[in-house]
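# Notes for the structure review
In case you want the letters, here they are:
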Amino acid sequence: MTILGHGIDIVETSRIARMMDDHADRFMLRVFTEAERSYSADRRRMIEHLAGRFAAKEAVLKALGTGWGRGILWTDVEVVRQDSGQPTVLLHGRCLEVATEQGVTRWMLSISHISTHATASAIAIGQ
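Description of the structure in this document. Bear in mind that the values here come from a model prediction, so they are computed numbers and not experimental data. Counting starts from 1 at the beginning of each chain's written sequence and moves along it residue by residue. It should be noted that, the model being predicted, local features are given only for residues of pLDDT at least 70 and side-chain atom pairs only at 80 or more, the latter also being counted only at that level, while totals for whole chains, interfaces and linings use all residues. Only hydrogens and water are removed before side-chain values are computed, so all heavy atoms of the structure are retained for them.

## Observations regarding the packing of aromatic side chains
Planes of paired rings set the category: under 30 degrees apart is stacked, over 60 is edge-to-face and the rest tilted, where pairs are Phe, Tyr or Trp rings (Trp by its six-membered ring) whose centres lie within 6.5 Å. In the structure shown here, the tally under the stated rule is 3 aromatic pairs. Among the aromatic residues, ring-to-ring pairing joins F27, F32, F54 and W74 into one connected group.

Okay, here's the thing in structure tokens:
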């Protein structure tokens, strides 16, 4: 097991709340997959959960060293919840291609949030 990259991000929940107020449908469709939207909609503190997933997407791209360039879409990074409750990452599209090129075989992801902020740490692991 080799750590290929690490990314961390922090997001103000008020930023996500503003995006929801100003561009709810467009923002949700552009940034979050159907599964992420469904998961967050079922939560009492929906904005915190969305902010956590937003931070996780940013952290993943920092771990890959790509940012939002190279044709990567927000929905190319998907945060899913394992049966244990632990979050993990599924990659799609161009982001999956980049991770495969870099030799990433799995991810370690941690997300935390409070009413004002959400943070995430993503570690890209290879052989």
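## Re the packing of helix α1 (residues 13-31) against helix α3 (residues 46-64)
The interhelical angle for the contact between α1 and α3, taken along N-to-C directions, is 75°, at an axis separation of 11 Å. Here α3 runs roughly perpendicular to α1, going by the angle between their axes. Along the contact surface, α1 presents T13, R15, I16, A17, M20, F27, M28 and V31, while α3 presents M46, I47, E48, L50, A51, F54 and K57. Class assignment of the residues belonging to the contact of α1 with α3 gives a composition of 11 nonpolar, 1 polar and 3 charged. Between the N-to-C directions of two axes lies an angle of 0 to 180 degrees, each axis being a line fitted to C-alpha atoms and, for a helix, fitted only over the stretch in contact. Strands are runs of DSSP state E lasting at least two residues, helices are runs of H or I lasting at least four, and both sets are numbered from the N terminus onward. In this scheme, roughly parallel covers angles under 35 degrees and roughly antiparallel covers those over 145, while 65 to 115 is roughly perpendicular and the rest are oblique. We call two residues in contact when some of their heavy atoms are within 4.5 Å. Note on residue categories: nonpolar means Ala, Val, Leu, Ile, Met, Phe, Trp, Tyr, Cys or Pro, charged means Asp, Glu, Lys or Arg, and polar means any other residue, Gly included.

## Observations concerning the pairing of strand β2 (residues 77-81)
Note that β2 and strand β3 (residues 87-91) share 5 bridges and pair antiparallel. From the neighbouring strand, V80 faces β3, where its bridge partner is T88. Here, any two strands with at least 2 DSSP bridges between them count as paired. The hairpin turn running from β2 into β3, its antiparallel successor, is 5 residues long, and G85 in that turn takes a positive phi close to 100°.

## Quick notes on α1
With 19 residues, α1 extends only 15 Å from end C-alpha to end C-alpha; this falls clearly short of the ideal 27 Å at 1.5 Å per step. To obtain the bend at a residue, axes are fitted to the seven residues ending there and to the seven starting there, and the angle between these axes is taken. At H23, α1 shows its maximal bend, which comes to roughly 120°. Three exposure classes are used, based on accessible area relative to the maximum for each residue type with a 1.4 Å probe and protein chains only: buried under 20%, partly exposed in between, and exposed over 50%. Of the residues making up α1, those classed as buried are T13, I16, M20, F27, M28 and V31. Of the surrounding elements, those touching the buried residues of α1 are β1 (2-12), α2 (34-41), α3 and β5 (117-126). An expected span of 1.5 Å times one less than the residue number is assigned to each helix.

## Thoughts on the nonpolar core
I16, F54, V60, L64, L91 and W107 are the most contacted members of the largest nonpolar core, which totals 33 residues. Listing elements by their share of this core, those giving two or more residues are α1, α3, β2, β3, α4 (93-102), β4 (104-113) and β5. In terms of residue count, the dominant contributor to this core is α3 (10 residues). Residues within four places of I16 in sequence aside, it is in contact with V11, F27, I47, L50, A51 and F54. We call a set of buried residues a nonpolar core when its members are Ala, Val, Leu, Ile, Met, Phe, Trp, Tyr or Cys and they connect through side-chain atoms within 4.5 Å of each other.

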